[in-house]
Amino acid sequence: MKRMILISLAILLICPVMVNADELENMKIAVAASSKSAKASVSNIAAKCSYYHIFNNKGELIELIDNPYKDASRGAGPLAANFLVQRGIDIIVAGSFGSKMIDALRNKGKTHFEFKGSVDDAVKRVLKLN
């Protein structure tokens, strides 16, 4: 687990996300979650999670969304990526991402971050990096 976090951090440091003050002020973070609970764990798979917890740039929960693609038999990654982008999400956090979802997010200029642990800890970590 530590190795995965270190690799993710190294990637973020090699490819830093450049944001201006206006973008940071309006930034939204989606965390793939296993439940609606405030103490939820980050879901292992971004596109197939049950819920997305949406946070603002201050780490405040602003919305809780059911994932409409959690039961999709094919194409959940690009569908979920487009769904989140349309909702104004800038950073998506999950335990892991499929290659098609990563490609869809990159094509839209969005950032993904792999994290294992609680939703709250994930948001704190992302906010420390920006």
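Note: the structure precedes this text.
**Student:** Which residues make up the sheet that holds strand 2 (residues 51-55), and what values go with them?
**Tutor:** Strand order across the open sheet formed by five strands is 3-2-1-4-5, with mixed pairing between neighbours. The sheet is open, and its two borders are formed by strand 3 (61-66) and strand 5 (111-114), each paired with just one other strand. Between one strand axis and the next, the sheet turns through 20° on average, direction left out of account. Both strand 4 (residues 91-94) and strand 5 contribute to a ladder of four bridges, which runs parallel. Across the sheet, Ile91 pairs through a bridge with Thr111, a residue of strand 5.

**Student:** Explain the nonpolar core to me, using residue names and the numbers behind them.
**Tutor:** When a protein is soluble and globular, its nonpolar side chains tend to lie buried together. Grouped together as the largest cluster of nonpolar side chains are 22 residues, with contacts concentrated most on Tyr52, Leu84, Ile92, Phe97 and Met101. Mapped onto this core, the elements with two or more residues apiece are strand 1 (29-33), strand 2, helix 3 (76-86), strand 4 and helix 4 (99-107). Examining the composition of this core, we find that five residues originate from one element, helix 3, more than from any other. Once you skip the residues sitting within four places of it in the chain, Ile92 turns out to touch Ala30, Leu84, Phe97, Leu105, Lys110, Thr111, His112 and Phe113. Core analysis: the next-biggest nonpolar cluster, separate from the first, contains 15 residues, Met27, Ala40, Val119 and Val126 among them.

**Student:** Explain the environment of Ala47 to me, using residue names and the numbers behind them.
**Tutor:** Structurally, the position occupied by Ala47 is in the loop between strand 1 and strand 2. Linking Ala47 and Ala80, residues 33 residues apart in sequence, is a C-alpha distance of 5.6 Å. Once residues within four sequence positions are removed from consideration, Ala47 is found in contact with Tyr52, Asn67, Tyr69, Lys70, Ala76, Gly77, Ala80 and Met101.

**Student:** How would you sum up helix 3? Please name residues and give values.
**Tutor:** Where helix 3 is concerned, the buried positions are Ala76, Gly77, Ala80, Ala81, Phe83 and Leu84. What you see down the axis of helix 3 is that its buried residues fit within an arc of 165°, all on one side. Where the residues of helix 3 are buried, they touch strand 1, strand 2, strand 3, strand 4 and helix 4.

Each value, and the rule that gives it
Here the residue numbering is sequential within each chain, running from 1 through the sequence in written order. Since the coordinates come from a predicted model, pLDDT governs what is reported: local features require at least 70, and pairs of side-chain atoms require 80 or more to be given and counted, while whole-chain, interface and lining totals use all residues. Where side-chain values are given, they derive from all heavy atoms of the structure, hydrogens and water being excluded. Two strands are counted as paired when DSSP detects at least two bridges linking them. Where helices and strands are cited, they refer to DSSP runs of H or I of at least four residues and of E of at least two residues respectively, numbered from the N terminus. To define axes, lines are fitted to C-alpha atoms, for helices over the stretch in contact only, and angles between the resulting N-to-C directions are given on a 0 to 180 degree scale. Throughout this description, the term nonpolar core refers to a set of buried Ala, Val, Leu, Ile, Met, Phe, Trp, Tyr and Cys residues connected via side-chain atoms within 4.5 Å. Each residue's exposure class comes from its accessible area (1.4 Å probe, protein chains only) as a fraction of the maximum for that residue type: buried when under 20%, exposed when over 50%, partly exposed otherwise. Whether two residues are in contact is decided by their heavy atoms: any pair within 4.5 Å suffices. What the arc covers is the set of directions going from the helix axis to the C-beta atoms.

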